[in-house]
Protein chains: 2
Amino acid sequence: MSRVHDPSKQNAIDMDKARAAASINVVDVRNFLNDGAARWRKREKIVGILSTDPLFDKSKRPFQNRQQQFLRGESISNRLYELKEIHKWTQEDMTIALSVMDEGLAISFEPVIDLQATPDLLSKYSALVANKGILGCYLQTELGHGSNVNKLETTATYLPQTQEFEIHSPTLTSTKWWIGALGKTATHGVIQAKLILPGGKDMGPHLFLIQLRSLDTHKSLPGRIIGDIGPKAFGGWASTDNGFARFDHVRIPKENMLSKFAGVTDSGEYVTPPHAKMSFSGLLYFRSKMVTNAGWLIAKGATVSIRYATVRRQGEIGPDGLERQTISYPSLHARIIPLLARAYVYIELGRALTKRVDDLARGLSSGDMSQLAEMHVMTSGLKVLVSTTGIQDLETARRSMGGHGFSAFSGIGKLYADFVPAATYEGENFVLDQQVVRAALKTFRGLSSTKVPSLSITSLYLRHLLDKDSAPPSLDDQAWTQPTFAILLLEWRAAFLVQEIANTTSAPEPTAAHRASRAVTEAFVAGRVGELITGLDAALKPREAAVVRKVYLLFLLMTVESGLVDLFSFGLFPASRMQSRDATRGLRLAIAGLCKDLLPEAIGLSDAFGFTDWELDSALGAYDGKVYEALWAKAQQEPLNETDVTEAYQTSIRPLLLRGQKLAKAKL
Amino acid sequence: MSRVHDPSKQNAIDMDKARAAASINVVDVRNFLNDGAARWRKREKIVGILSTDPLFDKSKRPFQNRQQQFLRGESISNRLYELKEIHKWTQEDMTIALSVMDEGLAISFEPVIDLQATPDLLSKYSALVANKGILGCYLQTELGHGSNVNKLETTATYLPQTQEFEIHSPTLTSTKWWIGALGKTATHGVIQAKLILPGGKDMGPHLFLIQLRSLDTHKSLPGRIIGDIGPKAFGGWASTDNGFARFDHVRIPKENMLSKFAGVTDSGEYVTPPHAKMSFSGLLYFRSKMVTNAGWLIAKGATVSIRYATVRRQGEIGPDGLERQTISYPSLHARIIPLLARAYVYIELGRALTKRVDDLARGLSSGDMSQLAEMHVMTSGLKVLVSTTGIQDLETARRSMGGHGFSAFSGIGKLYADFVPAATYEGENFVLDQQVVRAALKTFRGLSSTKVPSLSITSLYLRHLLDKDSAPPSLDDQAWTQPTFAILLLEWRAAFLVQEIANTTSAPEPTAAHRASRAVTEAFVAGRVGELITGLDAALKPREAAVVRKVYLLFLLMTVESGLVDLFSFGLFPASRMQSRDATRGLRLAIAGLCKDLLPEAIGLSDAFGFTDWELDSALGAYDGKVYEALWAKAQQEPLNETDVTEAYQTSIRPLLLRGQKLAKAKL
């Protein structure tokens, strides 16, 4: 049958051609995305070590049940620290190693102990915490209580006679729940509990260090009922033992209170040390990292879907006599090239934010907290934005691959399952929206007395309302080639939405907070993308800078498109000059044009993320394009295929067939 | 601790109160949704049988791996047919039994054999097929080929010497893939293969019946390599053995060609019988059912999320001194009351469509196929609409529940995982969009010669372009209380979008087909909802009719809201009369007002779906509201909790701790 055209042989040819077509220098862009050549080499070396270690093999994972995945996760955690010792990894190396793992590992103790423990407690525990001599967890959420910490029910009652706190769970709903690593792993925890003073006064939530399990036997200590809360939706976070704990009058020594900022005296009086100052910088740092991480996740979705669309041929016959590559259809590439844009922006934006947070933290000594508080709120908005769009983008990538996207072997389902809780953890998105809007309204109401230069970077969009001569930009033929035009539109939209809520005397309509929060965040992001564009010439050679500039511009236009309802509603987007013709056509064609321009660069731009096949773990995203060989090979490993005849035959299928044959015979 | 307020005790109180607050007669609405009291009683009786049968117990399912879920599915299939015999279930009863199962069961042979087999073949197989004396599957999709059947590679070469067909898979990519029940269950299959005549002429895809496995041993027969394709994303369809098959020159008798519409003579000439007429009614029927099914799925999401939001208290303190019920927050109920609206509409719309398909099929004898073809296209649009919105709604329901929504015990994750492939199977949504638009353009281009009365129900929206005096409706104070206003807006939007594509001489922008397809489908749906509203007075008593009318109106306004970009873009939605004020505020307040009006009815309207706790299988959707007891009870069954100390302790945790303690000591 050698005359038969074999599509699976065509795959590698198509991939090679696409790779050759890119005009950019992939290495240059790869170093750009990876924060420089030196850091890329570190990543490459670490990925090399991990991907060849049998313990980090992923080929059996799709077939493992939850317990098996949990056991695998625990052995990976142990092995990572073993490798750290063997290879003398620095803390930065370890951060890289953890960042390339696609497992929820139960080993990251919250930094809360470092931030809030007294020097005495730190001297006792910090080396153990840092080296995993004890394994910690952070017990905040309760079965009946999420983000509203003031309503937590767990109590920590101070007993002056013995100088102890008694930790207690008075109700079923006070059971600590969802706590990462609590179920089976953690030996210790930092627990949020209401401090009750002698006499019964409730001082609200405070933090305490509590031992959970014996360091000799790992058995849970008396008075603690501890367990795993069960599987998560979509099979997400399967290797993590999110747990529950109930406490029955458990006593801990007084010194275990994390009392850097508040404590009790021996006799039981509440004290706040002088100069107590909470630091937001931990959370800020975490959230700026979240932007980068979302970028890398979307990058995986983009890489896999672009590679598969490059080798998948379907539908019309093209000039080469074969079915067209699906990436050549505008209705398809207009969906996946935008993922590339979002990934590039979030990776670079997150990195810029992390640097900004570092600067802010350093500048803290001057005592100016205002910027820090505003950045804190802005990162709430960013958390909402990157989780919402990242979740969407992963699902867009999966669906763009048609039927095979629903195979576990596409790899995208797992990424989605592990990322989707980002929409509801660490502050539910709809709750965070309210915070962003509250802060924006506060700034807006202070506007009359504000001079433009004193607006912080997060509120800069409000400057348009201050200048009486300022007017929204008007659309002309060059509009969509100019980043500034999109940025201005997005800023005006944010300003008008905030003004609308401020000017509404009755209750705002229910979606107002969400719309305004998104607009304010997107105005901020657009401004930062403008800065990224300005910085391109310094960061890349001219050809690469020109291509990445298009990627960034695409991001801005996509953002305008997603905000069209608001832009129209506030008169910022002009109706069509022609009656009953599509006013959005120009914008949409500009987006389509950028996607088309970027099409020959798509494989190069996604190769530049630098993912190995081990990192992607996707049959459809195989670097060499041999997707059908990969799908076939993976299916052969399905445990159901170990025998030709399933064990269900004797128990179920045979009885069904025999009954059916009997009934059929009776009817003849 | 009896003085402590126990929130978990409050749950049942809150649920009882909410149930008492509904003004509607739940039984009346339940019968309405269930197609009458008689059919409801049938469902109730069948659910009673299934839910008390130990084999249908769901409590272990969240902890089962894929093989276990597959074995459970097979035993359920067998048991269902056993129960059918025991209880003398009719075909309708069996349909109800299958519809209340939330498992992908590998037992539904495609109706293709009934439709396309010759009488001879039917006499041999139809009783066996109907009684499960043989188990079938439908082998269309190949590893390298999806919806474009003309490019399938599998061949069926006619051999006149022996009067046989030789079925062969010439390449890796020709491997049949994704075929439901093929992996481990099916004994027979209907296969799509290119008919090759003697001399080599390729006649394109045709259908053949092929035996796959021995009826004595269930072993796969010689020349067939058969297996399961492996796990699916999100753990979806775990109990179904989607399979692959490769054929190595397998011979089947000539009579096995399904040749009702086309065949070969003994000597190998291609023949088309006179009066061959393909029937779309099978697919139409299937797709109209898909609308209803999506409605019932969304109904589950609505029921669970509304019940949980009724008993969950969080945030601000309300007038009763407790935290407010989360359903009382507009930002929350504005997300979940709309699910109720979509569920009601899809359930009733699907049922009306099924009746219409029955009528059309009956009217076929008159020879008029035009309506049938148009309805075929319209159901493509409906498939896209109900899958897209249904997937979204399930995820909205899940996220509305905050952190606990991510627990597998919320039940919604499984519904989503099983429903989400609907976006990509049976014709990828983006491919179907093109079909809808092609048909719409064809009708549009025939418009000049068309009289309004001859426009079919699926194209009625185009009448606005025919009447020179017709103009889009203008917004007034009463607009959002009138279903007609919303329906007209949606019809004009569809007409303008189709006209826009028709008038565009260059290539349409890439999202045009999707926008137009959605608009055309939503105009059709809106028209049908108008009919449903008109029919309410006959179907329900005045109070219930008034409430359900609001549910339907909410659906129409939601649809308008989701189409705002297009409405603005074509000048159908007026800009605000005030400069820089939100033009959409009136619409949004109208939606919020309806949601608020429906709030006291929400528990009643969702109880009216009639789901038992067994059907919902959700800790958060418990009928009695005792959600925290339910979560606690389910977590206790997690297999990781069988021992206090995990087996990972010896293998991984202990080595990690010991290494850490050694390192910490070294640092001190």
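Residues numbered from 1 in each chain as written. Chains lettered and ligands numbered in written order. Predicted model: local features only at pLDDT ≥ 70, side-chain atom pairs only at ≥ 80, totals over all residues. Heavy atoms only, no water.

Digging into the interface of chain B and chain A
Next, step 1: Between chain B and chain A, the contact holds 159 residues from the first and 159 residues from the second.
Next, step 2: Here chain B meets chain A over a buried area of about 13,500 Å², counting both sides, of which 61% is carbon and sulfur.
Next, step 3: When the buried area of chain B at its contact with chain A is split by residue, Phe234(B), Phe406(B) and Trp632(B) rank highest and sum to 6% of it.
Next, step 4: Here chain B is connected to chain A by 14 salt bridges.
Next, step 5: A salt bridge links Arg515(B) to Asp582(A), with the nearest nitrogen and oxygen atoms 2.7 Å apart.
Next, step 6: Between the two partners, chain B and chain A, sit 52 residue pairs in polar contact (both at pLDDT 80 or more).
Next, step 7: Here the side of chain B that touches chain A takes 15 residues from helix H22 (residues 648-667) of chain B, the largest share from any one element. (Contact = heavy atoms within 4.5 Å. Buried area = accessible area lost by both parts, 1.4 Å probe. Salt bridge = Lys/Arg side-chain N within 4 Å of Asp/Glu carboxyl O. Polar contact = N/O pair within 3.5 Å; in protein donor to acceptor, adjacent residues only side chain to side chain. Helix = DSSP H or I, 4+ residues; strand = E, 2+ residues; numbered from the N terminus.)

Considering the UniProt feature "binding site: FAD" (unreviewed entry) in chain A
All names here are of chain A.
Next, step 1: Those places that UniProt annotates as "binding site: FAD" (unreviewed entry) correspond, in this numbering, to Thr141 and Gly180. Maximum C-alpha separation among the annotated residues is 10.5 Å over a sequence range of 40 residues, consistent with a single clustered spot.
Next, step 2: Following the sequence through the fold, Thr141 ends up in the loop between strand E1 (136-139) and strand E2 (155-159).
Next, step 3: Excluding anything up to four places from it in sequence, Thr141 contacts Gly146, Thr175, Lys176, Trp177 and Ile179.
Next, step 4: Ignoring sequence-local partners within four residues, the contact set of Gly180 consists of Cys137, Thr240, Asp241 and Asn242. (UniProt positions renumbered as here; feature names shortened; annotations may be inferred.)

Focus on the environment of Cys595(A)
Residue and element names in this part refer to chain A.
Next, step 1: Its place among the elements puts Cys595 in helix H18 (residues 585-598).
Next, step 2: Note: C-alpha distance between Cys595 and Ala334 (261 residues apart in sequence) is 6.2 Å.
Next, step 3: Sequence-distant contacts of Cys595, defined by excluding residues within four places in its chain, comprise His333, Ala334, Ile337, Pro338 and Leu554.

Quick word on the sheet that holds strand E4 (residues 176-179) of chain A
Next, step 1: Spatial strand order, E4-E8-E7 (chain A): three strands in an open sheet with antiparallel pairing. Each edge of the open sheet is held by one strand with a lone partner, namely E4 and strand E7 (224-228) of chain A. The sheet shows a mean angle of 15° between the axes of neighbouring strands, taken without regard to direction.
Next, step 2: Across two bridges, E4(A) lies against strand E8 (residues 243-247) of chain A in antiparallel orientation. Bridge pairing links Lys176(A) to Ala245(A) in E8(A).
Next, step 3: Sitting on the sheet, helix H21 (residues 627-636) of chain B is in contact with E4, E7 and E8 of chain A, with an inclination near 110° to E8(A). (Pairing = 2+ DSSP bridges. Axes fitted to C-alpha atoms, helices over the stretch in contact; angles between N-to-C directions.)

Some words on the relation of the copies chain B and chain A
Next, step 1: Its rotation angle being 180°, the transformation that places chain B on chain A also includes 0.0 Å of axial translation and leaves an RMSD of 0.0 Å. Both copies of the chain, as the preceding transformation shows, are related through a two-fold rotation axis. The rotation axis passes nearest to the C-alpha of Phe234(B) in chain B, at a distance of 2.1 Å. (Least-squares fit on C-alpha atoms with pLDDT ≥ 70 in both.)

Some details on the side chain of Thr240(B)
Residue and element names in this part refer to chain B.
Next, step 1: Within the element layout of this structure, Thr240 appears in the loop between strand E7 (224-228) and strand E8 (243-247).
Next, step 2: Assessed through its relative accessible area of 4%, Thr240 is described here as buried.
Next, step 3: When residues no more than four places from it in sequence are discounted, the contact partners of Thr240 are Arg66, Gly104, Leu105, Gly180, Ala181, Asp228 and Lys232. (Buried < 20%, exposed > 50% of the residue type's maximum accessible area, 1.4 Å probe, protein only.)

Details of the pattern of salt bridges
Next, step 1: Using the criterion set out here, one finds 100 salt bridges over all chains in the structure.
Next, step 2: With a shortest N-O distance of 2.8 Å, Glu395(B) and Arg398(B) are connected by a salt bridge. In this pair, Glu395(B) and Arg398(B) are both assigned in helix H10 (residues 370-400), three residues apart and thus about one turn of the helix distant.
Next, step 3: Of the residues examined, Glu395(B) reaches a relative accessible area of 6% and is grouped as buried.
Next, step 4: A relative accessible area of 0% places Arg398(B) in the buried class.
Next, step 5: The partner of Arg518(B) in a salt bridge is Glu522(B), with the nearest N and O atoms 2.9 Å apart. Highlighted residues: Arg518(B) and Glu522(B), both in helix H15 (residues 512-539), separated by four residues, approximately one helical turn.
Next, step 6: For Glu522(B), a relative accessible area of 5% gives the class buried.
Next, step 7: If you follow the salt bridges from partner to partner, you end up with Lys58(A), Arg61(A), Arg72(A), Asp102(A), Glu103(A), Asp617(A) and Lys634(A) in one network.

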